[in-house]
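Geometric and topological summary
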Amino acid sequence: GAEDDDDGGSNRGAVWILFLNDDGTVREAQKISDTEGNFDGILDNSDHFGIALAALGDLDGDGFEDLAVTADGDDDGGNSRGAVWILFLNINGTVNHEQKISSTEGDFVGPLSNYDTFGRSAVCVPDLNSDGVPDLVVGAQYDDDGGGNRGAVWVLFLHPTTGAVVGHQKISHSEGGFGGPLSDDDAFGSSVALLDDLDDNGFAEIAVGAQADSDGGSNRGAMWILFMNAGGTVSSQQKISDTDGGFTGILLDNDYFGYSAAGVDDLDGDDISDLVVGAFRDDDGGTSRGAVWVLLLNSDGRVDSHQLISSTAGGFEGPLENYDEFGTSVAHLGDYDGDGVSDIVVGAPGDDDGGSGRGAVWLLSLDGEAGSAPVCDVSPSSIDFGTVAVGSYLDATFTITNTGGGELTGDVGETCDGYTITEGTGSYILPAGEELAVTVRFEPPDNTTYECTIETGSELCVDVALTGQGEGGTGCDVSPTSIDFGTVSVEDYQDETFTITNVGTGELTGNVSESCDAYTITSGAGAYILTAGQELVVTVRFEPPDNITYECTVETGSASCLDVSLTGLGQGGPGNVLLHQKISATEGDFTGPLEWGDQFGNALASLGDFDGDGVPDVVVGEARDDDGGTLRGAVWVLLMNDVGTVKSQQKISDTEGSFDPELENYDSFGAAVSSIGDFDGDGVRDLAVGAPGDSGAAGGNGAVYLLFLESNGTVRSTKRIGERALGD
C-alpha cells in the first residue's frame, strides 16, 4: 500500500502488485491507483487508498487472488468516514472489476459517521457465517459509540462474485456482544490480527489493538482478545493491558502498546497460538527506541507469560538508538531459520545506520522451546545474623515472589541447628505477582558459627543461605557462600570456585557434596580435615542441559560451615530472541550502497522462499532513494542466508534492475511493498510497489507499479496503475 500516492490528486493513495523472480528481484509490477491498473473506482484527495491491505484468496473462483484495499479518509456520506475496495484481479495484476464498500455503496448500511476512519486496519478471517466465503474484519479506530474516538471493528460478510456486503456485525462499546468497557480516545481498532480458535467452538478469534488505552497511565495501550460466535458477535473478551489480563510487563505513558500486532504460531508448545504486539514509542534504553512484546497466551486469552524484546531485554542485542521506533510494524515471517518455530520481522524506520533516518529491518529468530511460566525472585538470598549472644535470639525475614505468570509452588523448610522458621514454613502456591514472607529466628546454643540453608522447595527459586555467630565462637569461613553463574549456553559450561577455611584452633572436618542437575564438583569433593589456618578450594562446573534456571546447594558437611548456594540460567526461553541479524548500510552483508536519508526499511514484506534455497527472502522499500533524480525511490530484493545475513541483493530503481518506466523526482517508489505470489503463472513471484508521489501523465496523484520479473531478477515487464493521460 502507498496511502499518500498522488495519482489523480493529493494523497489519493495506491497499491502496487509486484511479480518477483526467484532471486528476489522484481520481474514485473502493476500499480493500482486512480489512474492505473484498470481501476475504475473514483478516488478523491486524501482518501488514503492503500492504508491497509488484506488478501482474500480467490474470492470469485476465477483462479486469481483477490484483494481488499482500505481508504480510511474516504468521504462517502461525510468527512473521513472511510471505505473498503474489493479488487477482483486479472492474471497480470490489473483490476478486472471492483466493489466499493462505504456509507453509500456496496450494500453496506453501517451506519458510519464523520471521522470514523473505517479502514484503519483490516484482516481476512475464516468463514464466520458458514456460507463458505471468507469474511473481512475492518477497524474504525475513531468510531464514537459510547463516547468520542472509542473505536470499533466491523465484521463484513461478502458476496463471492460481487464483493458487496451481504451482512455485517459491528463490535464496539455498545454493539456486538462486546462487554468492554472502552473509554474516550482508546482508538479500539487501531490494529487487528487473526488468532486460532482458542475456545474450540469452531470459529477463529480476533485480536484488536487499542493503542491509546490509558490503563495504568496515558496512552499506554491495550489489546483485546475477542472470542467469536457464528455471525460475528463476541461471546466473551479478554483485555490485556498494564493492569489486566495476567500481563505483568511494565508499560509506560505513551508506549502505544497495540499500535501494531501479528498472530504467530504456537511458541511455547501448549497448542495455543500466540501474539506479537508492537509498542513503537517504548523508551527501553533511550527515547522512542521501541519494543515488541511476545505474549504467550492461555486458552482463555489471558497472558500465561510474556517476553519483552527491546534495547535491553529478550536476548536482543541490537543495538537500537533513540527514535529508531522499533515495532512500528510487525509481521509473521514463518519459520525463517527452519527450526520449527515461528519467526518475525520488525520495522525500525527511524534507524540511522549510514545516515539519518535511513531505516532498518530486523529479522528475529525466536526460541520456541517450552519454559516455565512462573518466575521466582527470592530477596534477600542470604542473611548474616552477625554475632548473637548465647541465650538470646534475632529474627530476620526474606520474601519469595512470583514475578512471572502461572502459579509458583514449593515448600519452605529447614533442619539446621540454631535456626527456626517462625512464619511462612510449609507448602505454598503463589499466583502471578503474589509474595510469601518467611521469618527465620537465629538462637545460638553455644559460641560457634552456625550455617544453614532454608530450602524454598522449587527448582525456580534459589535457597536462602543463613550465617550467624554465637558470641565468642571460632570455626569455619566459606567464601563466597553463593555463586551466580549467569547465563551459559546449552552444551557449554562454566567453572567457579569457593574456599573453605579453618579460622579456628582445632581441626575442621566435613564432606563436600552435591546432588543437583547441571552442576558437578570437579575438584575438592568428598571428606576433608583442615588444621588451623588451612583452606580447601572447591571447583564447581555448571553445564546446563536446557534453557531453564538451575538452583543447587553444595553441602560443606560441617555444622560450623555455611553451605554454598548456586544459581545459573541455560540460554533460551519462550519468546526470547534466539538469534538476530541487523541489515543496514554497515551490517548483515548488505552492500547497498545506501545514502543519507534513503530510509531503507520504510516498507517491507516477506517473499517466501524466492530462490528455492529453503530460506525465506525479503523485499525492502527505500522510498527516498535518489537513483536517477531526487527522491525517486527504489526497492531491494534481499535473498537471505539461513543466519539472517544477505546472500545476494537486487536493486530495482529508475536506473537498476531493468525497470523500464521512467520515474520522476519525488515519486517515492517503494513507499509500500507487497508480495502477490506468482501472479502471472510463470513460476516466479511478483511484486506490487507503491509510488505515492508519482505524478502520472495528468499530474500528482500517485501510482502502483506491478512488476513482472525474470528469473534472473530483472524486470521483464511493468504495469503502471495510476491516472491516465488524456486520450489513454
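Refer to the structure above for everything that follows.
Anyway, here's the lowdown on the structure attached to this text. Owing to the predicted nature of the structure, the values given are computational and were not obtained by experimental measurement. (Residues numbered from 1 in each chain as written. Predicted model: local features only at pLDDT ≥ 70, side-chain atom pairs only at ≥ 80, totals over all residues. Heavy atoms only, no water.)

Regarding the overall build of the chain
For clarity, the threshold we go by: Working definition: helices are DSSP H or I runs of at least four residues, strands are E runs of at least two. Numbering for both runs from the N terminus. Buried residues are those whose accessible area, probed at 1.4 Å on protein chains only, stays under 20% of the maximum for their type, while exposed residues exceed 50% and partly exposed ones sit between those limits. Contact criterion: two residues are considered in contact whenever any of their non-hydrogen atoms come within 4.5 Å of each other.
Within the chain one finds zero helices and 48 strands. For the chain, with 728 residues in total, the buried portion stands at 58%. For the chain, restricting intrachain contacts to residue pairs at least 6 apart in sequence, the fraction spanning at least 24 positions comes to 61%.

Side note on the packing of aromatic side chains
Selection criterion: Stacked, tilted and edge-to-face pairs are distinguished by plane angle, under 30 degrees for stacked and over 60 for edge-to-face with tilted covering the rest, among Phe, Tyr and Trp rings (Trp via its six-membered ring) whose centres lie within 6.5 Å.
For the structure on display, the rule yields 29 aromatic pairs. Note on Phe-108 and Phe-118: the rings are 5.4 Å apart at their centroids and 15° apart in plane angle, and the pair reads as stacked. Residue Phe-108 is located in the loop between β6 (95–101) and β7 (118–125), and its partner Phe-118 is located in strand β7; the two are separated by 10 residues in the primary sequence. Between Phe-108 and Trp-154 the ring centres are 5.1 Å apart and the planes differ by 85°, which places this aromatic pair in the edge-to-face class.

A closer look at the pattern of salt bridges
Using the following cut-off: By definition, a salt bridge exists where a carboxyl oxygen of Asp or Glu is found within 4 Å of a side-chain nitrogen of Lys or Arg.
Evaluated as defined, the whole model comprises 32 salt bridges. As a salt-bridge pair, Glu-325 and Arg-281 come within 3.3 Å of each other at their nearest N and O atoms. Within this pair, whereas Glu-325 is found in the loop between β18 (303–309) and β19 (329–334), its partner Arg-281 is found in the loop between β16 (274–279) and β17 (291–297), the two being separated by 44 residues in sequence. Judged by its relative accessible area of 33%, Arg-281 is partly exposed. One salt-bridge network, in which partners are shared between bridges, spans Asp-5, Asp-7, Lys-31, Glu-36, Asp-694 and Arg-720.

A few points about the state of the cysteines
Worth spelling out the cut-off: Two cysteine sulfurs form a disulfide in these notes if their separation is within 2.5 Å.
Inspection of the entire model under this criterion finds four disulfides. Numbered by position along the chain, the disulfide-linked cysteines of the chain connect as 1-4, 2-3, 5-8, 6-7.

Observations regarding the pairing of strand β31 (residues 476–479)
Note the following rule: The rule for pairing is simple: two strands pair if DSSP sees at least two bridges between them.
Side-chain alternation along β31 places Cys-476 and Val-478 on a buried face and Asp-477 and Ser-479 on a face that remains uncovered. Pairing analysis gives four bridges linking β31 to strand β33 (residues 494–502), with the strands arranged antiparallel. From the neighbouring strand, Cys-476 faces β33, where its bridge partner is Asn-502.

A word on the nonpolar core
We apply this condition: In this description, a nonpolar core means a group of buried Ala, Val, Leu, Ile, Met, Phe, Trp, Tyr and Cys residues linked to one another through side-chain atoms lying within 4.5 Å.
Counting residues in hydrophobic clusters, the biggest one holds 48 residues, and the most contacted among them are Trp-16, Ile-17, Val-26, Phe-669 and Leu-707. Here this core gets seven residues from one element, more than from any other, and that element is strand β47 (residues 703–709). By size, the runner-up hydrophobic cluster in this structure holds 27 residues, among which are Val-438, Tyr-450, Leu-460 and Val-462.

Topic: the sheet that holds strand β39 (residues 564–570)
Applicable threshold: Between N-to-C directions, angles span 0 to 180 degrees; the directions come from axes that are lines fitted to C-alpha atoms, helices contributing only their stretch in contact.
If you walk across this open sheet you meet the three strands as β32-β39-β38, and the pairing is mixed. Whereas interior strands pair on both sides, the edge strands pair on one side only; in this sheet they are β32 (482–488) and β38 (549–554). On average, adjacent strands in this sheet sit at an angle of 15° to one another, irrespective of strand direction. Note: β38 against β39, six bridges, orientation antiparallel. Each residue of the ladder has a partner; that of Glu-551, found in β39, is Thr-567.

Here's the deal with the sheet that holds β18
Adjacent strands of a sheet form backbone hydrogen bonds with each other and so pair up, either parallel or antiparallel. Read across the sheet, four strands follow the order β15-β16-β17-β18 without closing on themselves; strand pairing throughout is antiparallel. Two strands in the sheet have a free side with no partner beyond their single neighbour: β15 (260–264) and β18. If you compare each strand with its neighbour and ignore which way they point, the axes differ by 20° on average.

Observations regarding the environment of Leu-707
Within the element layout of this structure, Leu-707 appears in strand β47. Among the residues examined, Leu-707 registers a relative accessible area of 0% and is labelled buried. Considered as a pair, Leu-707 and Asp-127 are 580 residues apart in the sequence and their alpha carbons are 32 Å apart.

Structural notes on the side chain of Ser-668
Residue position: Ser-668 is located in the loop between β44 (646–653) and β45 (672–675). If we ignore the near neighbours within four places in the chain, the residues touching Ser-668 are Ala-623, Leu-631, Arg-632, Gly-633, Gly-690, Ala-691, Pro-692 and Gly-693.

Looking at the pairing of β33
Side chains on a regular strand alternate between the two faces of the sheet. Across eight bridges, β33 lies against strand β37 (residues 535–542) in antiparallel orientation. The partner of Phe-498 across the bridge, within β37, is Val-538.

Structural notes on unusual backbone geometry
A cis amide bond links Ser-379 to the next residue, Pro-380, at an omega of -10°. In this fold, Pro-380 is placed in the loop between β22 (376–379) and β23 (382–388). Of the consecutive residues Gly-592 and Pro-593, the connecting peptide bond is found in the cis state with omega at 0°. With respect to the secondary-structure elements, Pro-593 resides in the loop between β40 (577–583) and β41 (603–608). Notably, Tyr-115 is not glycine yet its phi reads approximately 65°, a positive angle. In this fold, Tyr-115 is placed in the loop between β6 and β7. With relative accessibility at 48%, the residue Tyr-115 sits in the partly exposed group. Although it is not a glycine, Asp-200 sits at a positive phi angle of roughly 55°.

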